[in-house]
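Coordinate analysis (summary)
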Amino acid sequence: MTDEAQNSQITAVGNEMSASFLAAKKRSDETLAAIEKNPGKFTMLTGDRPTGRLHMGHYFGTLRSRVEMQNKGVHTNIIIADYQVITDRDTTEHIQDNVLNLILDYMAAGIDPEKTMIYTHSAVPAENQLMLPFLSLVTESELHRNPTVKAEMEASGHALTGLLLTYPVHQACDILFCKGNIVPVGKDQLPHIELTRTIARRFNERYAKKNPVFPEPDAILSDAPEIPGLDGQKMSKSRGNSIMLSATAEETAKLIKKSRTDSERRITFDPINRPEVSALLTTAALTTGRKPEEIAEEIGDSGAGALKMYVVESVNNFLAPMRERRAELAQDMDYVRDVLAEGNRKANAIANETLEQVRDAMGMCY
């Protein structure tokens, strides 16, 4: 292939991806408008892998919107994807502690277990049993094309396991077992939702034309900004640049004070040329509701020390109510375990009913 032909092909693929995103964005906006009118018509599925405690990036990226959806009246479900930990890790050490701490983080941030079902992958056998019929509805090439599978494989350095390859199908089980029809995602996760829609459509066409079993879920595209860590890169547990929601005020202050800045005294908001300073300003802006440029102008020539003190105060004031709530909840871990047990009970009831519908549609009820 000539360079010109290759460039033309790349451009065509880029245009196709851009058109696909624009279509998904339009559908997302329409769905959000429909949610405002009748939130009770919608069932949302979202979740996390229990690989550690949640940080501020998680809060502003997903947790805050989950609480908003819950409080609007959307049927909200949160999966703690414990089986997915072993897609790229060789151990489940500390997993029980991680699961319980996730629940503490959820409830401290405003998730109400009376309104939101919190459950774990491993406790809901019928949900995982959906993997078998769902796998028959996708091709190997469709699985290999998924960009998340490629990215996770490259990041982990592991050989491609069967679980990682089929991760998008497992995610379809998570969404469809509860008849989820909305899933909040970032742009990079759109292929997952498209595959879930494909699986739902193919199942209905193949086995349930007269009485469709599954909805085709819509992606709710997050408009949350990418939260920079204290080093200016994306906030991530693995990079050690995160402010954990469960950190103490003292731990938070120590972390912020030792964060890198640069040699220029005047504080300005310039994410490209001054990523570390701009990351601190973004953190302060998110926790105060102010604009980062406004904070930069206010601090001016007072320098990095003054900026860090402002960030420490802003973050600690913002997190104080969550920390207080978390500390109260942590005094009664039996209650936290009960929350998970009840969520698992509800999830099992839903999954058993859905699996029965699937088996009935396939003529496998004996």
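Residues numbered from 1 in each chain as written. Predicted model: local features only at pLDDT ≥ 70, side-chain atom pairs only at ≥ 80, totals over all residues. Heavy atoms only, no water.

As a reminder of what qualifies: UniProt positions are given in the numbering used here, feature names are shortened, and annotations may be inferred rather than shown by experiment.
Per an unreviewed UniProt entry, the protein is named Tryptophan--tRNA ligase, and its organism is Bifidobacterium erythrocebi. Under the Sequence similarities (unreviewed entry) heading, UniProt states for the protein: "Belongs to the class-I aminoacyl-tRNA synthetase family." Regarding the protein, the UniProt comment filed under Catalytic activity (unreviewed entry) reads as follows: "tRNA(Trp) + L-tryptophan + ATP = L-tryptophyl-tRNA(Trp) + AMP + diphosphate + H(+)".

**Things to note about the overall build of the protein**
Selection rule: Put simply, DSSP H or I for four residues or longer makes a helix, DSSP E for two residues or longer makes a strand, and each gets a number counted from the N terminus. Burial classes: relative accessible area under 20% of the type maximum marks a residue as buried, over 50% as exposed, and values in between as partly exposed (1.4 Å probe, protein chains only). In this description, contact between two residues means that some pair of their heavy atoms is separated by no more than 4.5 Å. The Shrake-Rupley method, run with a 1.4 Å probe, gives the accessible areas here. Residue values count only the displayed protein chains as cover. Note on charges: Lys and Arg go in the positive column, Asp and Glu in the negative column, and His and the chain ends are not counted at all. A charge is said to be at NZ when it belongs to Lys, at CZ for Arg, at CG for Asp and at CD for Glu.
The helix and strand inventory of the protein stands at 15 helices and five strands. Structurally, the protein occupies a C-alpha span of about 75 × 65 × 45 Å along its principal axes. When burial is assessed residue by residue, the protein has 47% of its 366 residues classed as buried. A separation of at least 24 residues holds for 76% of the contacts in the protein among residues at least 6 apart in sequence. Entry remark: accessible area of the protein is about 18500 Å², with carbon and sulfur atoms responsible for 50%. Computed over 42 positive and 51 negative side-chain charges, the inter-centroid distance for the protein is 2 Å.

**Regarding the pattern of salt bridges**
Opposite charge on two side chains lets them pair, provided their charged atoms get close. Quick note on the threshold: One speaks of a salt bridge when a side-chain nitrogen belonging to Lys or Arg is within 4 Å of a carboxyl oxygen belonging to Asp or Glu.
For the structure on display, the rule yields 20 salt bridges. Connected through shared salt-bridge partners, Arg27, Glu194, Arg197, Arg201, Glu216 and Asp218 make up one network.

**Focus: the packing of aromatic side chains**
In plain terms, the rule: Each aromatic pair joins two rings of Phe, Tyr and Trp (for Trp, the six-membered one) with centres within 6.5 Å, and gets the label stacked for planes under 30 degrees apart, edge-to-face for over 60, and tilted for any other angle. The criterion for a charge sitting over a ring is simple: Lys NZ or Arg CZ within 6 Å of the ring centre, and within 35 degrees of the ring normal.
Taken as a whole and judged by the stated rule, the model has seven aromatic pairs. Consider the rings of Phe134 and Phe214, whose centres lie 5.5 Å apart with planes at 75 degrees: the pair is edge-to-face. One end of the pair, Phe134, is in helix α5 (residues 131–135); the other, Phe214, is in the loop between α10 (190–207) and β5 (218–221), with 80 residues separating them in the sequence. Following the ring pairs from residue to residue traces out a cluster consisting of Phe134, Phe203, Tyr207 and Phe214. The cationic tip of Lys187 hangs over the ring face of Phe21; the distance from NZ or CZ to the ring centre is 4.7 Å.

**Observations concerning the environment of Asn211**
With respect to the helices and strands, the residue Asn211 is situated in the loop between α10 and β5. Linking Asn211 and Asp105, residues 106 residues apart in sequence, is a C-alpha distance of 40 Å.

**Some details on helix α2 (residues 56–72)**
Using the following cut-off: By definition here, a helix of n residues has an expected span of 1.5 Å times n minus one. In this scheme, the bend at a residue equals the angle between the axes fitted to the seven residues that finish there and the seven that begin there.
In this model α2 runs 23 Å from its N-terminal to its C-terminal C-alpha over 17 residues, within 8% of the 24 Å that 1.5 Å per residue would give. Approximately 40 degrees is the largest bend angle found in α2, and it occurs at Thr62. Restricting attention to buried positions, one finds in α2 the residues Met56, Gly57, His58, Tyr59, Phe60, Leu63, Arg66, Val67, Met69 and Gln70. The first or second residue beyond α2 is Gly73, which carries a positive phi of 110 degrees.

**A word on the environment of Leu281**
Following the sequence through the fold, Leu281 ends up in helix α12 (residues 275–288). Here Leu281 falls in the buried class, since its relative accessible area comes to 0%. For the pair Leu281 and Ala24, spaced 257 residues apart in sequence, the C-alpha separation works out to 32 Å. With sequence-adjacent residues up to four places away left out, Leu281 is seen in contact with Ile267, Thr268, Phe269, Pro292, Ile295, Ala296 and Leu307.

**Things to note about the nonpolar core**
Which entries qualify depends on this criterion: As used here, the term nonpolar core means buried Ala, Val, Leu, Ile, Met, Phe, Trp, Tyr and Cys residues forming a set that is joined through side-chain atoms within 4.5 Å. For the domains described, the bounds stem from an automatic or database domain assignment.
One finds Met56, Leu63, Ile103, Tyr106, Ile118, Ile256 and Leu307 to be the most contacted residues of the largest nonpolar core, which totals 47 residues. Contributions of two or more residues to this core are made by α2, β2 (75–80), α3 (95–109), α11 (249–257), α12, α13 (292–299), α14 (303–330) and α15 (333–361). If you tally residues by element for this core, the top one is α3, at nine residues. Each of domain 1 (19–226 + 333–362) and domain 2 (249–331) contributes no fewer than three residues to this core. Ignoring any residue separated from it by four or fewer positions in sequence, one finds Met56 in contact with Met235, Ile243, Leu245, Thr283, Thr287, Val315 and Leu319. In terms of nonpolar packing, the next biggest core, distinct from the first, is built from 39 residues, Tyr119, Leu130, Ile193 and Ala208 among them.

**Things to note about unusual backbone geometry**
Phi angles above zero are rare outside glycine, and His94 is one such case at about 70 degrees. In this structure, His94 sits in the loop between β2 and α3. Even without being a glycine, Lys179 presents a positive backbone phi close to 60 degrees. Relative to the assigned elements, Lys179 resides in the loop between α9 (167–176) and β4 (182–185).

**Structural notes on the pairing of β4**
Heads up, the condition is: Two strands make a pair as long as DSSP finds a minimum of two bridges between them. Note on handedness: a crossover is taken as right-handed if, strands pointing away from the viewer, the path from the first strand over the helix to the second is clockwise.
Relative to β5, β4 runs parallel, the two sharing four bridges. Bridge pairing in β5 places Val183 opposite Ala219. Tracing the backbone out of β4, into α10 and back to the parallel element β5 gives a crossover that is right-handed.

**As for α9**
With 10 of 10 residues buried, α9 lies mostly within the body of the structure. Listed as buried for α9 are Tyr167, Pro168, Val169, His170, Gln171, Ala172, Cys173, Asp174, Ile175 and Leu176.

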